[in-house]
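Residue-level structure breakdown
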Amino acid sequence: MEKETVKCLIVGSGPAGYTAAIYAGRANLHPVLYEGTLPGGQLTTTTVVENFPGYPNGVDGFQMMSDMRTQAERFGTDIRFGIVTKTDFSQIPYALTIDDEKVVYAETVIIATGASAKYLGLSDEQKYAGMGVSACATCDGFFYRGKIVAVVGGGDTACEEASYLSTLAQKVYLIVRKPYLRASRIMQERVLSNPKIEVLFEHNTLGLFGENGVEGAHLVKRKGMPDEELVDIKIDGFFLAIGHQPNSEVFKPWIRTDEAGYILTDGVSTATNVPGIFAAGDVMDTHFKQAIVAAGSGCKAAMEAEKYLQSLS
Ligand code: NDP
């Protein structure tokens, strides 16, 4: 197997990974960054980012990540396509296998692998994968022009996706399990005042139906209550927006996580339980999950990696 030794390895290419790369590059750590399965991270699947400071008119998520990548490259980051398939952190330098075909030994590692969309766990989600089920409205919304779609979830993502889909689809159902939305007030107002969006509060999805793709969903209203009611809706597309799970699996044999899989870091630091291995962004953020916070923690991780390397010499 091919082998290589690097000073600083960054895994992941969202705001955390690229910011870490910018700082590590400027600190002369000659960072190598593996982009992972979704180059640019979750923001490449969003529409306009309106809350990242410095963009008074908002910025396209894909464009923002492309700009961060260019900035990381400008300071010498070696950006590569590939995913970490195995880790061995039992000794220094740490060994990370890439795509099962190459081992990179790193003196310090910054884990910025982010999080991935959650699914409800219904067998129909797999049955209709690519045939009407999606976890990314921005990626797949185009296919539902003039059609009827449903979005599951009551958070900011669900509201954002429902609003976006309402610009394409004829009608959007928002399936919310509680009697209220969890989203921020501004997003709630956008959804509730949108005539193309119908919010189905206190509804849960039981399954999907359709001959050659999704044609509808079986829902239950007020599940477990005396007035529980089964409801079928006719839809062409079913979009999940119920949160994300951290991409930490491959590091778990060595790196401590909480029960949900979020990497545990040491207080305000990005240090993990293994010296010289730092975590930044959504993979360790149980609370905020914002691009600006991820970028900030990427900065911290790179500065801590630099300090760690100095302490070795
Ligand atoms: P959240 O965790 O905030 O919301 C998840 C939603 O999905 C909740 O309404 C939850 O319901 C629902 N849900 C979870 N599991 C199920 C299930 N099994 N069945 C039905 N419904 C389910 O995730 P988001 O992705 O929306 O947001 C994550 C973070 O990112 C938040 O901090 C959010 O503010 C932020 N964000 C900000 C944006 C912006 O500012 N532009 C855009 C997008 C996200 P329940 O409420 O009942 O738990």
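Before any of the text, the structure's been laid out above.
One structure accompanies this document, and this report is about it. Since the model is a prediction, treat every value here as computed from it, not as a measurement. (Residues numbered from 1 in each chain as written. Predicted model: local features only at pLDDT ≥ 70, side-chain atom pairs only at ≥ 80, totals over all residues. Heavy atoms only, no water.)

A separate point is the packing of helix α5 (residues 156-166) against helix α6 (residues 185-192). Direction vectors running N to C along α5 and α6 enclose 35°, while the axes themselves pass 9 Å from each other. As α5 runs across α6, the sense of the crossing is left-handed. Contacts between α5 and α6 involve Asp156, Cys159, Glu160 and Ser163 from the former and Met187, Arg190 and Val191 from the latter. Tallied by class, the residues present in the contact of α5 with α6 amount to three nonpolar, one polar and three charged. (Axes fitted to C-alpha atoms, helices over the stretch in contact; angles between N-to-C directions. Helix = DSSP H or I, 4+ residues; strand = E, 2+ residues; numbered from the N terminus. Left-handed = near helix turned anticlockwise from the far one by under 90°. Contact = heavy atoms within 4.5 Å. Nonpolar A, V, L, I, M, F, W, Y, C, P; charged D, E, K, R; others polar.)

Following the criterion strictly, the structure yields 11 salt bridges and no others. Across the pair Glu198 and Lys171 runs a salt bridge, and its minimum N-O distance is 2.6 Å. Placement of the pair is Glu198 in strand β13 (residues 197-201) and Lys171 in strand β12 (residues 171-176), with a sequence separation of 27 residues. Within the structure, one salt-bridge network assembled from shared partners comprises Glu2, Glu4, Asp78, Arg80 and Lys102. (Salt bridge = Lys/Arg side-chain N within 4 Å of Asp/Glu carboxyl O.)

Now for the nonpolar core. Counting 54 residues, the largest nonpolar core has Leu9, Leu96, Ile110 and Ile111 as its most contacted members. Among the secondary structure elements, those contributing two or more residues to this core are β1 (2-11), α1 (15-26), β2 (32-34), α2 (61-74), β7 (94-98), β8 (102-111), β19 (277-279) and α7 (291-312). Ranked by residue count, the leading element in this core is α7, at eight residues. In contact with Leu9, not counting residues within four places along its chain, are Val32, Tyr34, Leu96, Val104, Ala106, Thr108, Val109 and Ile110. If you look at the next biggest cluster of nonpolar residues, it comprises 20 residues, including Cys159, Leu165, Ala169 and Ile197. (Core = buried A, V, L, I, M, F, W, Y, C linked by side-chain atoms within 4.5 Å. Buried < 20%, exposed > 50% of the residue type's maximum accessible area, 1.4 Å probe, protein only.)

This part covers the site of the ligand. Gly154, Asp156, Thr157, Arg177 and Arg182 are the nearest of the 18 residues found near the ligand. The contact in question runs from an oxygen atom of the ligand to an N or O atom on the side chain of Asp156, over 2.5 Å. Burial of the ligand by the protein amounts to 76% of the accessible area it has alone, namely 920 Å². For the shell around the ligand, the element with the highest residue contribution is α5, accounting for three residues. Residue composition of the shell around the ligand, grouped by class: four nonpolar, eight polar and six charged. (Near = heavy atom within 4 Å. Polar contact = N/O pair within 3.5 Å; in protein donor to acceptor, adjacent residues only side chain to side chain. Areas by Shrake-Rupley, 256 points an atom, 1.4 Å probe, with all protein chains shown as cover.)

Quick look at the packing of aromatic side chains now. Within the structure shown, the criterion is met by six aromatic pairs. Measuring from ring centre to ring centre gives 6.4 Å for Phe89 and Phe251, while their planes differ by 20°; the resulting arrangement is stacked. One end of the pair, Phe89, is in the loop between β6 (84-88) and β7; the other, Phe251, is in the loop between β18 (244-246) and β19, and 162 residues separate them in sequence. Considered together, Phe89 and Phe251 belong to a single accessibility category, that of buried residues. With a centroid separation of 6.3 Å and 75° between ring planes, the pair formed by Phe142 and Phe143 is classed as edge-to-face. Overall, the relative accessible area of 51% leaves Phe142 in the exposed class. These aromatic residues form a ring-pair network of at least three members: Phe89, Tyr94 and Phe251. Sitting over the ring of Phe75, Arg26 keeps its end group 4.8 Å from the ring centre. (Phe/Tyr/Trp six-rings, centres within 6.5 Å; stacked < 30°, edge-to-face > 60°. Lys NZ or Arg CZ within 6 Å of the ring centre and 35° of its normal.)

With 12 residues, α1 should reach 16 Å at 1.5 Å per residue; the first-to-last C-alpha distance of 17 Å fits that figure. In terms of burial, α1 is largely enclosed, as 10 of its 12 residues are buried. Taken as a whole, α1 has its buried residues at Pro15, Ala16, Gly17, Tyr18, Thr19, Ala20, Ala21, Ile22, Ala24 and Gly25. Buried residues along α1 sit against β1, β2, α2, β5 (78-80), β8 and α7. Backbone geometry just downstream of α1 places Asn28 in the positive-phi region, at approximately 65°. (Expected span 1.5 Å × (residues − 1).)

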